[in-house]
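For reference, the chains in residue letters:
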Amino acid sequence: MRLRRMTVSEVLAAPSIAEAFWSRGDSSTQDRCIGQPTVQRLGVALTGYVEHLDSDRVQMVGRSEHGYLCTLAPAALATLIERLVAVNFPAWVFTCGLEPPPELAAGIARHQQALLTTRLESPAATDRLNEVLTEHLTVSETVHGVLVDVYGVGMLLTGKSGIGKSEVALELISHGHRLVSDDVLHLQQVRPGVVVGHSPDLTRHHMEIRGLGIINIRDLFGAAAVRERKRVEQVIELLEWDPGEAYDRLGLDTQYLTLAGVPVAHARLPVRPGRSMRLVIEVAARNRLLQAQGTHSARAFADRLDGRLRPVPTRTDSGAEASVAGETSPSRRSDVE
Amino acid sequence: MPGIQKEFVITNKLGLHARASATLVRVATQFRCEVTLSKGDQSVNAKSILGMLTLAAAKGSTVVLGCAGEDQEGALLAIGKCIEDKFGEE
């Protein structure tokens, strides 16, 4: 797991940035380091309130900020510029091909901050910069496992080599689920609480099946059998069946595992011949969906049981008796229906 | 991670290509301990073919072999020998 910093020159080297942005400052300013994965806009700071501007974040100046700066009287402009550049941003970006006011350009140069310009409109420029910065600046980690999209739930299968992760994943894929990555998975915290997995370029769409070797899932099963990236929502750890081990029998408490700084639900599934792991994993995914929609089967069951265990009031009227009688044999009745 | 580590230089002509990776994985899977191979800040499970291939270690690159588990000494020795023998190639 690592937290990084990114220099302005590294940002400019990214293809999507290189084709649309250019640097106007001194080349030494490109050594400045950016520490946050999103750009910031001046907004209220234009009134002189610079308290919440971050000194490790790229500042973007679009039409409205630029227009406002141009309305200021020279003295007010000079004061404002002095306050802004003193925050010591690593870089400024002027969008829409806007020309920075000369006083501001001078202030930026004086404080050795990078100055970039783009012809892109602000929203497009923000998207491109945020994408490149997020890629490099968020918490990332590489893990060993297979990530499969099962009914839209990102299920990460882990376990010792040889336990059969790839075989289970292959069975899931043959039943219409989608492979994200086999064996080596890059994980990234794209925003707080959300971890997304993707495959290394070299092994994308490939799997290794013992006895068959390396196979290409997209070629074999088609474009719908793969996807580029997927949020990881559940970790399924496959284990050799051990009679002495205490596996979760209730599902009341969720265990968590931290992946790229994000806690992810973690279930341990024992593998045994004759146990369809594909089916168990599909049901685990359905259960996640159900929980996301507000129904927790295990808790609902436990609540019903608790209801039964509560002492029955001694004095009951006929209406209450009827409802108690109705509750005692619901399963048999539904079987008949 | 506890365990033992040793540095190796990939000396065979083709580097850690597919067949060489398979040879190394075959040796690694004979042991019970966890085996990792690292290049720079990238570390992969040496019992995984796809993992080894993502390392893309060319001739001359330095890799660190790490073994952790009950039979770590034997594993380090055997896998190390496999790398030093250029995976039975030139």
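Just above sits the structure.
Quick caveat, the model's predicted, so the values are computed rather than measured.

Lay out the overall build of chain B in plain terms, naming residues and giving numbers.
Secondary structure summary: chain B contains three helices and four strands in total. In terms of overall dimensions, chain B is globule-like: its C-alpha atoms have a radius of gyration of 11 Å, near the 12 Å expected for 90 residues. Projected onto the principal axes, the alpha-carbon positions of chain B cover approximately 35 × 25 × 20 Å. Residue burial in chain B is summarised as follows: out of 90 residues, 49% are buried. For chain B, restricting intrachain contacts to residue pairs at least 6 apart in sequence, the fraction spanning at least 24 positions comes to 71%. For chain B, the exposed surface amounts to about 4,500 Å²; the carbon and sulfur share of it is 51%.

For the overall build of chain A, give the residues involved together with the corresponding values.
A count of helical and extended segments in chain A gives twelve helices and 19 strands. Its C-alpha atoms put chain A at 85 × 65 × 35 Å along the principal axes. Sequence-distant contacts, at least 24 apart, represent 68% of the contacts inside chain A between residues at least 6 apart. For chain A, the exposed area adds up to about 18,200 Å²; of that, 52% sits on carbon and sulfur atoms. Taking the average place of the 37 positive charges on the side chains of chain A and the average place of its 40 negative ones, the gap between the two points comes to 2 Å.

Explain the environment of Leu80(A) to me, using residue names and the numbers behind them.
Residues and elements named next belong to chain A. As for its position among the elements, leucine 80 is in helix H4 (residues 74-86). Sequence-wise, leucine 80 and arginine 210 are 130 residues apart; in three dimensions their C-alpha atoms are separated by 66 Å. Those residues within four positions of leucine 80 in sequence are excluded, and the remaining contacts are Ala45, Leu46, Gly48, Leu69 and Leu72.

Give me the lowdown on the pattern of salt bridges, citing residues and values where you can.
Residue and element names in this part refer to chain A. Summed over the entire model, instances satisfying the criterion amount to 15 salt bridges over all chains. With its nearest N and O atoms 2.8 Å apart, the salt bridge here joins arginine 41 to glutamate 65. Of this pair, arginine 41 sits in strand E4 (residues 40-41) while glutamate 65 sits in helix H3 (residues 63-71), placing them 24 residues apart in sequence. Take arginine 41: its relative accessible area is 36%, and that puts it in the partly exposed class. With a closest N to O distance of 3.5 Å, glutamate 233 and lysine 230 form a salt bridge. The class of lysine 230 is buried, set by a relative accessible area of 10%. Linked through salt bridges whose partners overlap, the residues forming this network are Glu171, Arg278 and Glu282.

Can you explain the environment of Ile108(A)? Please cite residues and give values.
Residue and element names in this part refer to chain A. Along the polypeptide, isoleucine 108 turns up in helix H5 (residues 102-110). Residue classification places isoleucine 108 among the buried positions, given a relative accessible area of 1%. Expressed as a C-alpha distance, the spacing of isoleucine 108 and valine 168, which sit 60 residues apart in the sequence, is 57 Å.

If you had to explain the sheet that holds strand E3 (residues 42-45) of chain B to someone new, which residues and values would you point to?
Residues and elements named next belong to chain B. Strand order in this open sheet of four strands is E1-E4-E2-E3, and the pairing throughout is antiparallel. Of all strands in the sheet, those with a lone pairing partner are strand E1 (4-9) and E3, marking the two edges. Sheet twist, expressed as the average angle between the axes of neighbouring strands with direction ignored, equals 25°. Where strand E2 (residues 34-39) and strand E4 (residues 62-68) come together, five bridges link them in antiparallel fashion. Paired with threonine 36 across the two strands is glycine 66, which belongs to E4.

Could you give an account of helix H1 (residues 18-28) of chain B, naming the residues involved and the relevant values?
Residues and elements named next belong to chain B. Along H1, the positions that sit buried rather than exposed are Ala20, Ser21, Leu24, Val25, Val27 and Ala28. Seen along its axis, H1 keeps its buried residues to an arc of 160°; they face one direction. Exposed residues on H1 whose side chains face more than 90 degrees from its buried face are Arg19 and Arg26. Where H1 is buried, its residues touch E2, helix H2 (49-55) and helix H3 (72-84).

If you had to explain the sheet that holds E4(A) to someone new, which residues and values would you point to?
All names here are of chain A. Pairing is mixed in the open sheet, where five strands are placed in the order E2-E7-E6-E5-E4. Edge positions in the sheet fall to strand E2 (21-23) and E4, since each has one partner strand and no second. Taken together, the two bridges between E4 and strand E5 (residues 59-61) define a ladder with parallel strand orientation. Looking at E5, one finds that glutamine 40 is bridged to glutamine 59. Here H3 sits on the sheet in contact with E4, E5 and strand E6 (91-94), set at roughly 70° to E5. Each of E2, E4, E5, E6 and strand E7 (114-118) touches helix H6 (residues 122-137); the most contacted strand, E5, lies at about 160° to it.

Can you tell me about the interface of chain A and chain B, naming the residues and giving the values?
With 14 residues of chain A at the interface, the matching set in chain B holds ten residues. Note on chain A versus chain B: buried area summed over both sides is about 1,000 Å², and carbon and sulfur give 67% of it. Remark: the boundary between chain A and chain B carries zero salt bridges. Where chain A touches chain B, the interface holds two residue pairs in polar contact (both at pLDDT 80 or more). The leading source of residues in the side of chain A that touches chain B is strand E14 (residues 206-209) of chain A, at three residues. Each residue belonging to the side of chain A that touches chain B can be placed in one class, and the counts come to five nonpolar, four polar and five charged.

Analysis parameters
- Sequence order sets the numbering: in each chain, residues are counted from 1 along the sequence as written.
- Lettering for chains starts from A, numbering for ligands starts from 1, and both go in the order in which the items are written.
- Where local features are concerned, this predicted model is filtered to residues with pLDDT of at least 70; where side-chain atom pairs are given and counted, the filter is 80 or more; whole-chain, interface and lining totals use all residues.
- The side-chain quantities take in all heavy atoms of the structure and omit both hydrogens and water.
- Helix and strand assignments come from DSSP, with helices taken as H or I runs of at least 4 residues and strands as E runs of at least 2, each series counted from the N terminus.
- Values of the radius of gyration come from C-alpha atoms, whereas the globule rule sets the reference at 2.2 Å times the count of residues to the power 0.38.
- Per-residue accessibility, obtained with a 1.4 Å probe over protein chains only, is compared with the maximum for each type, and a residue is labelled buried under 20%, exposed over 50%, and partly exposed between these values.
- The criterion used for residue contact is that any of the two residues' heavy atoms lie within 4.5 Å.
- Residue-level accessible areas treat just the shown protein chains as cover; the underlying method is Shrake-Rupley with a 1.4 Å probe.
- When charges are counted, Lys and Arg contribute as positive and Asp and Glu as negative, whereas His and the chain ends are disregarded.
- A charged residue contributes its charge at one atom only: NZ of Lys, CZ of Arg, CG of Asp or CD of Glu.
- A pair is scored as a salt bridge if a Lys or Arg side-chain nitrogen falls within 4 Å of a carboxyl oxygen belonging to Asp or Glu.
- Strand pairing requires that DSSP identify at least two bridges connecting the strands.
- Here, axes are lines fitted to C-alpha atoms. For helices the fit covers the stretch in contact, and angles between N-to-C directions go from 0 to 180 degrees.
- Here the arc refers to the set of directions running from the helix axis out to each C-beta atom.
- The quantity reported as buried area is the accessible area (1.4 Å probe) lost by two parts once they are put together, taken as the sum for both.
- A 3.5 Å cut-off defines polar contacts: any pair of N or O atoms within that distance qualifies, except that in protein one atom must be a possible hydrogen donor and the other a possible acceptor, and neighbouring residues in sequence count only when both atoms are side-chain atoms.
- Residues are grouped as follows: Ala, Val, Leu, Ile, Met, Phe, Trp, Tyr, Cys and Pro are nonpolar; Asp, Glu, Lys and Arg are charged; all remaining types, including Gly, are polar.

Spatial relationships are all this shows, so hold off on functional conclusions.
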